[in-house]
Amino acid sequence: QTVRFDNTIVIMTANTKGSALGIGFGDSSVSSEAAKSFSPEFADRVDEIIFFSPLGKSELVEVAKRRLGSFTERLSEMGVEAEFSVDFADMAVEISKSKSARSVARTANRLAEEAVSELLLDEKCKKLKNVTFCIENNRGTVKIKQNMY
């Protein structure tokens, strides 16, 4: 089967040295610098390069909150009602090694998972119902609000 790319827009993302310049929407000098990161054959097929500014802390906190929202949904399916402390997402951003969206999301998820995994494996906590996630000493912890045995 033949695939045709007529009237098609292909969007690619890449972390190149051009984007590390912290420039918003780039001009031609920045575009030519970024194009050096690609082979000439590939760069010649790219019509336009758009540069985005790095995410700020508020955007990274929102990324963490969205990932934690997915985590609470998964726990809810298991019958556990969970909430996160007010500063959990902020701390996940601070603890993250890289200030990228993927890194922050992974860090938030890891902190939440490490906090709840031991409780879920503990026989005494099989009927765990309500918990609050916190971060203490750069580790995720769980505070049991109410336990119904």
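Refer to the structure printed above.
This write-up is about the structure you can find in this document.

Cut-offs applied
- Residues numbered from 1 in each chain as written.
- Predicted model: local features only at pLDDT ≥ 70, side-chain atom pairs only at ≥ 80, totals over all residues.
- Heavy atoms only, no water.
- Helix = DSSP H or I, 4+ residues; strand = E, 2+ residues; numbered from the N terminus.
- Buried < 20%, exposed > 50% of the residue type's maximum accessible area, 1.4 Å probe, protein only.
- Contact = heavy atoms within 4.5 Å.
- Areas by Shrake-Rupley, 256 points an atom, 1.4 Å probe, with all protein chains shown as cover.
- Patch = residues over 30% accessible without salt bridge, like charges linked within 9 Å, V, L, I, M, F, W, Y side chains within 5 Å.
- Salt bridge = Lys/Arg side-chain N within 4 Å of Asp/Glu carboxyl O.
- Arc of directions from axis to C-beta.
- Core = buried A, V, L, I, M, F, W, Y, C linked by side-chain atoms within 4.5 Å.

## Describing the overall build of the protein chain
The number of helices and strands found in the protein chain is five helices and three strands. Its helices and strands in sequence order give the protein chain the pattern α-α-α-β-α-α-β-β, from N to C terminus. Each of the 149 residues in the protein chain was classed as buried or not, and the buried ones make up 28%. Here the contacts in the protein chain between residues at least 6 apart in sequence split such that 56% fall between residues at least 24 apart. As displayed, the protein chain has an accessible area near 10600 Å², and 50% of this comes from carbon and sulfur atoms.

## Digging into a nonpolar patch on the surface
On the surface, a cluster of nonpolar side chains totalling about 530 Å² of accessible area is made up of Val3, Phe5, Val10, Met12 and Phe42. A residue is classified by how much of its surface remains accessible, and phenylalanine 5, at 57% relative accessible area, is exposed.

## Re the side chain of threonine 107
If you trace the backbone, threonine 107 turns up in helix H5 (residues 101-121). What makes threonine 107 buried here is its relative accessible area of 8%. Discounting chain neighbours no more than four positions away, the residues touching threonine 107 are Ala92, Ile95 and Ser96.

## Focus on helix H4 (residues 88-95)
For H4, the full list of buried residues reads Phe88, Ala89, Ala92 and Val93. One side of H4 holds all its buried residues, which, seen down the axis, span an arc of 140°.

## What about the nonpolar core?
Counting 23 residues, the largest nonpolar core has Leu68, Phe71, Phe84, Phe88, Ala112, Phe133 and Val142 as its most contacted members. Going through the elements one at a time, helix H3 (57-77), H4, H5 and strand E2 (128-136) are the ones with two or more residues in this core. If one sorts the elements of this core by residue count, H5 sits on top with seven residues. Ignoring sequence-local partners within four residues, the contact set of alanine 112 consists of Leu68, Phe71, Phe84, Phe88 and Phe133.

## Focus on unusual backbone geometry
A positive phi is found at asparagine 7, a non-glycine position, where the angle reads about 55°. Mapped onto the elements, asparagine 7 comes out in the segment before helix H1 (28-35). Among the residues examined, asparagine 7 registers a relative accessible area of 85% and is labelled exposed. Even without being glycine, asparagine 138 reaches a positive phi, approximately 60°. Residue placement: asparagine 138 occurs in the loop between E2 and strand E3 (139-147). Given a relative accessible area of 48%, asparagine 138 falls into the partly exposed group.

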